[in-house]
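Analysis of the macromolecular model
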Amino acid sequence: MRCSALLAATAMFLVCTSLPLVGQDNPLSATNAPAQQPRPLPKPVNLQVLPKDIPPQDLVKLMRGYSQALGVHCSFCHEVNEQTHKPNFAADTKPDKAMARTMIAMTQEINTKFMTQIHDPDAMPADKTVSCGTCHRGNTMPAQFTPKPEDHEHPAGSMPMQHPQ
Ligand code: HEC
Ligand code: HEC
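Described below are features of the structure shown in this document. Just so you know, these numbers come straight off a predicted model, no measurement behind them.

1. Thoughts on the coordination of the iron atom of ligand 2
- Surrounding the iron atom of ligand 2 are the protein donor atoms Met103 (SD) and His136 (NE2), which sit 2.0 to 2.3 Å from the metal.
- Classification of the site at the iron atom of ligand 2 rests on its 6 donor atoms, whose angles at the metal span 85 to 180°, yielding the label octahedral. Of the two residues, methionine 103 is situated in helix H4 (residues 95-114) and histidine 136 in helix H5 (residues 132-136); the sequence distance between them amounts to 33 residues.
- For histidine 136, a relative accessible area of 10% gives the class buried.

Structure below.
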């Protein structure tokens, strides 16, 4: 009983930690555990904005973050071979990958150049870090802001211009 629970937990761990690209070929299930060792992640070869020496695990974590922030799968930015269904992460064929590079550089600059100038004692580090999700919130195109219907007693952004008599 305890042993099979442990085995299931191990299988879950392996499923959750294996990369989609590694896991897809050979999907692990609770029934065929224990699984073979996941293949080591390939070294990135075409990084132009991110640090070239970023550990592959950290790179994949970032990539998962981008996918979640935009509500997309990896193939939104990365080419996938139609016949073999194999992704080619290094290829620069998709325009969204190029746009994402600009967005990564933009976000880095907002944080390093501008957010560092904001000294708000109430803000936790996460509050003063702009990320893809700050703007995208799960959408490929950031949703347009629509102000709430105006509250006539307390119009948003109003300042007491005159003191009531
Ligand atoms: C919003 C677009 C976007 C999404 C979604 C995305 N990526 Fe990326 N990915 C990029 C960009 C941009 C680069 C190149 C970064 C650079 O030039 O520094 C990249 C680079 C990579 C690389 C390095 C390739 C190389 O050899 O240079 C890997 C691996 C990778 N992505 C994997 C993934 C995986 C796995 C997913 C899904 C979990 C994913 N990406 C989702 C935009 C994206
Ligand atoms: C300051 C707000 C902001 C931040 C932060 C931001 N984006 Fe964007 N992003 C936008 C806006 C606005 C657009 C629409 C631009 C356009 O279409 O001309 C956009 C468009 C995109 C697109 C093209 C989407 C499409 O459907 O054509 C991609 C891809 C993208 N962003 C990726 C990212 C990634 C990845 C990050 C984090 C590294 C990020 N963005 C951070 C505001 C932002």
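Next comes the rest of the account.
2. Structural notes on the site of ligand 2
- Not every one of the 17 residues close to ligand 2 is listed here, only the nearest: Met103, Cys132, Cys135, His136 and Met141.
- Between aspartate 96 and ligand 2, the recorded distance is 3.5 Å, taken from a side-chain N or O atom to an oxygen atom.
- The set of elements that each furnish at least two residues to the shell around ligand 2 consists of helix H3 (56-70), H4 and H5.
- Ranked by residue count, the leading element in the shell around ligand 2 is H4, at 6 residues.
- Classifying every residue of the shell around ligand 2 by side-chain character gives 12 nonpolar, 4 polar and 1 charged.

3. A few points about the site of ligand 1
- Around ligand 1 there are 22 residues in total, and Met63, Cys74, Cys77, His78 and Arg101 lie nearest to it.
- Contact between ligand 1 and valine 49: an oxygen atom at 2.8 Å from a main-chain N or O atom of the residue.
- Between histidine 78 and ligand 1, the recorded distance is 2.8 Å, taken from a side-chain N or O atom to a nitrogen atom.
- Residue contributions to the shell around ligand 1 peak at 5 residues, all from H3.
- Of the residues contributing to the shell around ligand 1, the split by class is 14 nonpolar, 5 polar and 3 charged.

4. Overview of the coordination of the iron atom of ligand 1
- On the protein side, the iron atom of ligand 1 has Met63 (SD) and His78 (NE2) as donor atoms, found 2.0 to 2.3 Å from it.
- With relative accessibility at 26%, the residue methionine 63 sits in the partly exposed group.
- Residue histidine 78 is classed as buried on the basis of its relative accessible area, which comes to 10%.

5. Focus: H3
- Across its 15 residues, H3 extends 21 Å between first and last C-alpha, which sits within 8% of the 21 Å expected from 1.5 Å per residue.
- Among all positions of H3, only Pro56, Leu59, Val60, Tyr66, Ser67, Ala69 and Leu70 are buried.
- Among the structural elements, H4 and H5 are those in contact with the buried residues of H3.
- Positioned one or two residues after H3, glycine 71 has a phi angle of 70°, which is positive.

Conventions and cut-offs
Residues numbered from 1 in each chain as written. Chains lettered and ligands numbered in written order. Predicted model: local features only at pLDDT ≥ 70, side-chain atom pairs only at ≥ 80, totals over all residues. Heavy atoms only, no water. Donors = N, O, S within 2.8 Å, 3.2 Å for Na, K, Ca; no water. Tetrahedral: all angles 85-135°; square planar, octahedral: opposite > 155°, others 65-115°. Helix = DSSP H or I, 4+ residues; strand = E, 2+ residues; numbered from the N terminus. Buried < 20%, exposed > 50% of the residue type's maximum accessible area, 1.4 Å probe, protein only. Near = heavy atom within 4 Å. Polar contact = N/O pair within 3.5 Å; in protein donor to acceptor, adjacent residues only side chain to side chain. Nonpolar A, V, L, I, M, F, W, Y, C, P; charged D, E, K, R; others polar. Expected span 1.5 Å × (residues − 1). Contact = heavy atoms within 4.5 Å.

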